[in-house]
Structures are given as C-alpha cells and as structure tokens.
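Fold and contact review
Chain by chain, the residues:
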Amino acid sequence: MPIATSSISRLTPAAGEKRLVDFKGSSGMDNGKNLESEKLQSQLQSLTEAIRTLAESCQGDSVLLLTLLRGLEASHQEIRDGLFQASFPDNRQALYKLLRNIEANGGWPYIHRMKLRSLLGYAQQLSPLEDDPAESPQDSAETKQNHLK
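Residues numbered from 1 in each chain as written. Predicted model: local features only at pLDDT ≥ 70, side-chain atom pairs only at ≥ 80, totals over all residues. Heavy atoms only, no water.

**Considering the overall build of the chain**
- A count of helices and strands for the chain gives six helices and two strands.
- Starting at the N terminus and walking to the C terminus, you meet the elements of the chain as β-β-α-α-α-α-α-α.
- Relative to its 149 residues, the chain shows a buried fraction of 9%.
- Within the chain, contacts between residues separated by at least 24 positions form 32% of all contacts whose residues are at least 6 apart in sequence.
- When the accessible surface of the chain is totalled, it reaches about 13,000 Å², and 56% of it is carbon and sulfur. (Helix = DSSP H or I, 4+ residues; strand = E, 2+ residues; numbered from the N terminus. Buried < 20%, exposed > 50% of the residue type's maximum accessible area, 1.4 Å probe, protein only. Contact = heavy atoms within 4.5 Å. Areas by Shrake-Rupley, 256 points an atom, 1.4 Å probe, with all protein chains shown as cover.)

**What to know about helix H2 (residues 62–86)**
- Over its 25 residues, H2 runs 35 Å from end to end, which matches the ideal 36 Å to within 8%, given 1.5 Å per residue.
- The largest bend in H2 amounts to roughly 35 degrees and is located at Arg80.
- Where H2 begins, the capping side chain belongs to Asp61, and its oxygen is found 3.2 Å from the backbone nitrogen of Val63. (Expected span 1.5 Å × (residues − 1). Bend = angle between axes of the 7 residues up to and from the residue. Polar contact = N/O pair within 3.5 Å; in protein donor to acceptor, adjacent residues only side chain to side chain.)

**Comments concerning the pattern of salt bridges**
- With the rule as written, the count across this model stands at two salt bridges.
- Of the charged contacts in the structure, one is a salt bridge between Arg113 and Glu73, with a shortest N-O distance of 2.1 Å. With Arg113 in the loop between helix H3 (92–104) and helix H4 (116–125) and Glu73 in helix H2, this residue pair connects regions lying 40 residues apart in the sequence.
- When its relative accessible area of 25% is taken as the criterion, Glu73 is described as partly exposed.
- Across the pair Arg80 and Asp81 runs a salt bridge whose closest N-O atoms are separated by 2.8 Å.
- Judged by relative accessible area, which is 28%, Arg80 ranks as partly exposed. (Salt bridge = Lys/Arg side-chain N within 4 Å of Asp/Glu carboxyl O.)

**Some words on the packing of aromatic side chains**
- The tally for this structure, following the rule as stated, stands at two aromatic pairs.
- Taking 5.2 Å as the distance between ring centres and 85 degrees as the angle between the ring planes, the aromatic pair formed by Phe84 and Phe88 counts as edge-to-face.
- On the basis of an interplanar angle of 65 degrees and a centroid distance of 5.3 Å, the ring pair of Phe84 and Trp108 is categorised as edge-to-face. Within this pair, whereas Phe84 is found in helix H2, its partner Trp108 is found in the loop between H3 and H4, the two being separated by 24 residues in sequence.
- Residue classification places Trp108 among the partly exposed residues on the basis of a relative accessible area of 45%.
- Here the aromatic cluster, defined as three or more aromatic residues joined through ring pairs, consists of Phe84, Phe88 and Trp108. (Phe/Tyr/Trp six-rings, centres within 6.5 Å; stacked < 30°, edge-to-face > 60°.)

**Things to note about a nonpolar patch on the surface**
- The grouping of Met114, Leu116, Leu119, Leu120 and Tyr122 at the surface amounts to a nonpolar patch, some 550 Å² of accessible area in total.
- With respect to the element layout, Leu116 can be found in helix H4. (Patch = residues over 30% accessible without salt bridge, like charges linked within 9 Å, V, L, I, M, F, W, Y side chains within 5 Å.)

What follows is the structure in structure tokens.
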C-alpha cells in the first residue's frame, strides 16, 4: 500500500479486518534521510503490530486494556516532553519548516481519551442484575452480622 503523508494515517477497518497504520516521512528528503525514514517506518510498523497483538491478547479484559492504554499514553508523554522538545529547532527558519510539516502532514499527534460521559453511557446499558457489585467475603460477613443485631 503506497503511503503519501508523513503523518500516521489510520484506516477504519471493515468488519473482521485489521486496522492498518502507515508511517511515512515528508517528501523532498535527501537519500540519507529517506533511507532513515524508511527504516523508521519499518520499525514503527513492527511495533504497531506488536501492540495490536498485545491488545488482542487482552481482549475482553478492560483492566488490562486500560493498563496498556496508560502505558502508551506515558510513552507518548515521555517522548513529547523529553526527546521531542529537546530536538526543537534553534532558529526561525527551522521552526517554520517544522510547523509547516505539522500542518501539511496531519497536525499534532494526539491521544484521544474516552470521555467519562461515554463510559457512563455503557453503564446505563447494563442489566439491573449487573448493577450490584459482587460482595467480597468480608462484606457478606458484615451484612450477616448487621442482620443478626
């Protein structure tokens, strides 16, 4: 599949299809930068596939998937606040070039968080029997003692 932008493009998969994530550096690079970009693309694709496999192995376990999402967010923040900020351009022309690249190639990378309201919407879909949390053995013992008093 040819890749035309330097941003991460996400294609919404059809039912049963895997989501593809493509990576590409900006056009107009010299050969050395282009080879470096191709190597990075290959590594990112392998990493993306490994993350997808890990997520699929956690399918059905919301706590494990939440842990995975938190890890990805922490990695994003670490790269953004550390390595990326340290590599900011030191002159106006280079900064302008970076900003044009961001604008031309998909904008700023962003990790979207699920809104609490959306999460609560799922809770409303649960059956009334599922609304009561399972009691721990200690809770059950306390409840029995309170009934005996």
